[in-house]
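Breakdown of the fold
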Amino acid sequence: MRLTDLDTPAIVIDLDIMERNLRSVADYTRTHRLRLRPHTKTHKIPALGRRQIELGAVGLAVAKSTEAEVMVSSGTPDLLIAYPVIGRQKLERLCRVAQETQLTVSLDSLSAARPLSDAARGAQVEIGILAEVDVGLGRVGVQPGEELLALVQSIAKLPHLKWRGIAFYPGHIKDTAAHGLEELEKLRHTVSQMVEQLTAAGFHPEIVSGGSTPLLWHSHTIPYLNEIRPGTYIFNDRNTILSGACSLAHCAATILTTVVSTAPGRMIIDGGSKTFSSDRLAGSSEITFGEIREAPEASFHKMNEEHGYIDLHNTTAQFSVGDRVHVLPNHICVAMNLHETVYGIRDGEVVETWRVEGRGKLQ
Ligand SMILES: Cc1ncc(COP(=O)(O)O)c(C=O)c1O
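Residues numbered from 1 in each chain as written. Predicted model: local features only at pLDDT ≥ 70, side-chain atom pairs only at ≥ 80, totals over all residues. Heavy atoms only, no water.

Looking now at the side chain of Glu291. Topologically, Glu291 is positioned in strand S12 (residues 290–292). Among the residues examined, Glu291 registers a relative accessible area of 19% and is labelled buried. Of the polar contacts made by the side chain of Glu291, one reaches the side chain of Arg293; its length is 2.6 Å. Sequence-distant contacts of Glu291, defined by excluding residues within four places in its chain, comprise Arg238, Pro296, His326, Val327 and Leu328. (Helix = DSSP H or I, 4+ residues; strand = E, 2+ residues; numbered from the N terminus. Buried < 20%, exposed > 50% of the residue type's maximum accessible area, 1.4 Å probe, protein only. Polar contact = N/O pair within 3.5 Å; in protein donor to acceptor, adjacent residues only side chain to side chain. Contact = heavy atoms within 4.5 Å.)

Encoded structure:
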């Protein structure tokens, strides 16, 4: 099938760009002896997880236990649930997953660790634990220092759990401009202190897991960091460009849409919040929901569920009903969650059709 035969709206992935993204990060982590554990929140497709493993990733990460059930079919030798697992049903699911692959969970409380230990004992499995630290995002995680040490000491005593190290997500650092670099310097200091304090207390972390796509290429400058969990890098998006971690040439995924109505100075495309999500650009006050690749100066400024409003006053490009345009999304991960199927394109030909098996897996 040709790209021109695809119905819209549809997420289309330039396979050459995706493969280049996967290879360059695999090469980077190999050069710097970092374990690569891609977060699969971006693609949610076991076949792509399998490709990441083939290229050298040590394992994969997910956020939810239902996502873990899906992603285990990638054949990953090691799966990290990078999210506290709270609730009986989730624990039961996880213990079943732990019978199929080595499972590690990051958590920040004994209220999460104790029931996990009980469930693991019941299922006769051993679950790895990373103590989650808040390094500045203010989301989950204990504070570095005494709180972290106390958590690690308690985890180490729980049966059927194996303390493996620490995890953090530096999501508060959105770019590597001057302020971002200052924050990165603080992060280096925080991570060094944490690891040295734990080691001095007799708890040497085998895994120090952090990393994000915005900080990807700076990962090797963070002392002791030995595992990174970027997710977005497989496709990249407008936020990644803004972060400075990639350029347009590294953006693999666009959303193909059709012009369904025109009027002087504007057009409507057949995708709105159900297609793109309502995520705005990270750290920007500009109201824009994507970039029209065929008319980058046009403004995608408003959405209803099924309508995208494009203001054409700043572009000389002209469109008619039935024309198709590619939209570069602000945030590809949330858009993937809205689509049942995505298409891999090479030389204008649809050569892969993937079901987004991990979409809608909220529990
Ligand atoms: C815990 C955790 N790890 C890794 C990632 C992947 O980071 P990125 O989206 O910057 O690639 C995320 C993203 O939200 C995350 O929440």
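Entries for the protein in the domain assignment read domain 1 (3–9 + 246–355) and domain 2 (16–234). Taking the mean C-alpha position of each, domain 1 and domain 2 sit 32 Å from one another. With 14 residues of domain 1 at the interface, the matching set in domain 2 holds 15 residues. Summing the contributions of domain 1 and of domain 2, the shared interface buries around 1,200 Å²; its carbon and sulfur component is 61%. Of all residues in domain 1, Cys333, Met336 and Trp354 bury the most surface against domain 2, accounting for 39% of the area lost on that side. Counting the contacts that link domain 1 with domain 2 gives one salt bridge. The shortest N-O distance in the salt bridge between Asp16 and Arg346 comes to 2.9 Å. Between the two partners, domain 1 and domain 2, sit four residue pairs in polar contact (both at pLDDT 80 or more). When contributions to the side of domain 1 that touches domain 2 are tallied by element, the ones reaching two or more residues are helix H10 (332–336), strand S16 (341–346) and strand S17 (349–355). (Domains from an automatic or database assignment. Buried area = accessible area lost by both parts, 1.4 Å probe. Salt bridge = Lys/Arg side-chain N within 4 Å of Asp/Glu carboxyl O.)

Our next topic: the nonpolar core. Counting 92 residues, the largest nonpolar core has Ile13, Met18, Ile127 and Phe235 as the members making the most contacts within it. Each of domain 1 (3–9 + 246–355) and domain 2 (16–234) gives at least three residues to this core. When residues no more than four places from it in sequence are discounted, the contact partners of Met18 are Ile13, Leu48, Ile234, Phe235, Ala252 and Trp354. One finds Ala10, Val12, Tyr343 and Val350 within the second-largest nonpolar core, a separate group that totals eight residues. (Core = buried A, V, L, I, M, F, W, Y, C linked by side-chain atoms within 4.5 Å.)

This part takes up the packing of aromatic side chains. Counted by the stated rule, this structure contains four aromatic pairs. Ring geometry for Phe289 and Phe300: centres 6.0 Å apart, planes at 70°, overall edge-to-face. In this pair, Phe289 is assigned in the loop between helix H9 (273–276) and S12 and Phe300 in strand S13 (residues 299–303), connecting sequence segments 11 residues apart. In this structure Phe300 comes out as buried when scored by relative accessible area, which is 0%. A connected cluster of aromatic rings, assembled from ring pairs, spans Phe276, Phe289 and Phe300. Cation over ring: Lys64 sits above Tyr83, and NZ or CZ is 5.3 Å from the ring centre. Lying across the ring of Tyr309, Lys302 places its NZ or CZ 4.6 Å from the centre. (Phe/Tyr/Trp six-rings, centres within 6.5 Å; stacked < 30°, edge-to-face > 60°. Lys NZ or Arg CZ within 6 Å of the ring centre and 35° of its normal.)

Running from N to C, helix H6 (residues 146–157) and helix H7 (residues 178–200) point in directions that differ by 45°, and their axes come no closer than 10 Å. The angle between H6 and H7 places the two elements in the oblique class. Between H6 and H7 lies a crossing of right-handed hand. Along its contact with H6, which presents Glu146, Leu148, Leu149 and Val152, the element H7 presents Met194, Gln197 and Leu198. Residue classes in the contact of H6 with H7 are distributed as five nonpolar, one polar and one charged. (Axes fitted to C-alpha atoms, helices over the stretch in contact; angles between N-to-C directions. Parallel < 35°, antiparallel > 145°, perpendicular 65-115°, else oblique. Left-handed = near helix turned anticlockwise from the far one by under 90°. Nonpolar A, V, L, I, M, F, W, Y, C, P; charged D, E, K, R; others polar.)

This next bit is on H7. Across its 23 residues, H7 extends 33 Å between first and last C-alpha, which sits within 8% of the 33 Å expected from 1.5 Å per residue. Positive backbone phi, at 95°, marks Gly202, one or two positions downstream of H7. (Expected span 1.5 Å × (residues − 1).)

Next up on the list: unusual backbone geometry. The amide bond that connects Thr8 to the next residue, Pro9, takes the cis arrangement and shows omega of -5°. With a phi angle near 60°, Lys44 is a residue other than glycine that sits in the positive phi range. The topology assignment puts Lys44 in the loop between strand S2 (35–36) and helix H2 (46–54).

Let's shift gears to the sheet that holds strand S6 (residues 127–132). One open sheet holds the eight strands; their spatial order is S2-S9-S8-S7-S6-S5-S4-S3, and the pairing between them is parallel. Both edges of this open sheet fall to S2 and strand S3 (60–62), since each of them pairs with a single strand only. With three bridges joining them, strand S7 (residues 161–167) and strand S8 (residues 207–210) adopt parallel strand pairing. Residue pairing across strands places Ile166 opposite Val208, the latter belonging to S8. Its contacts with the sheet put helix H5 (residues 110–123) on strand S5 (102–107), S6 and S7, and the angle it makes with S5 is roughly 160°. Each of S7 and S8 is contacted by H7, which is oriented at about 150° to S7, the strand it contacts most. (Pairing = 2+ DSSP bridges.)

In this fold, Asp134 is placed in the loop between S6 and H6. As a C-alpha pair, Asp134 and Ser219 span 85 residues in sequence and 17 Å in three-dimensional space. Non-local contacts of Asp134, meaning those with residues more than four positions away in its chain, are made with Arg139, Val140, Gly141, Val142, Gln143 and Pro144.

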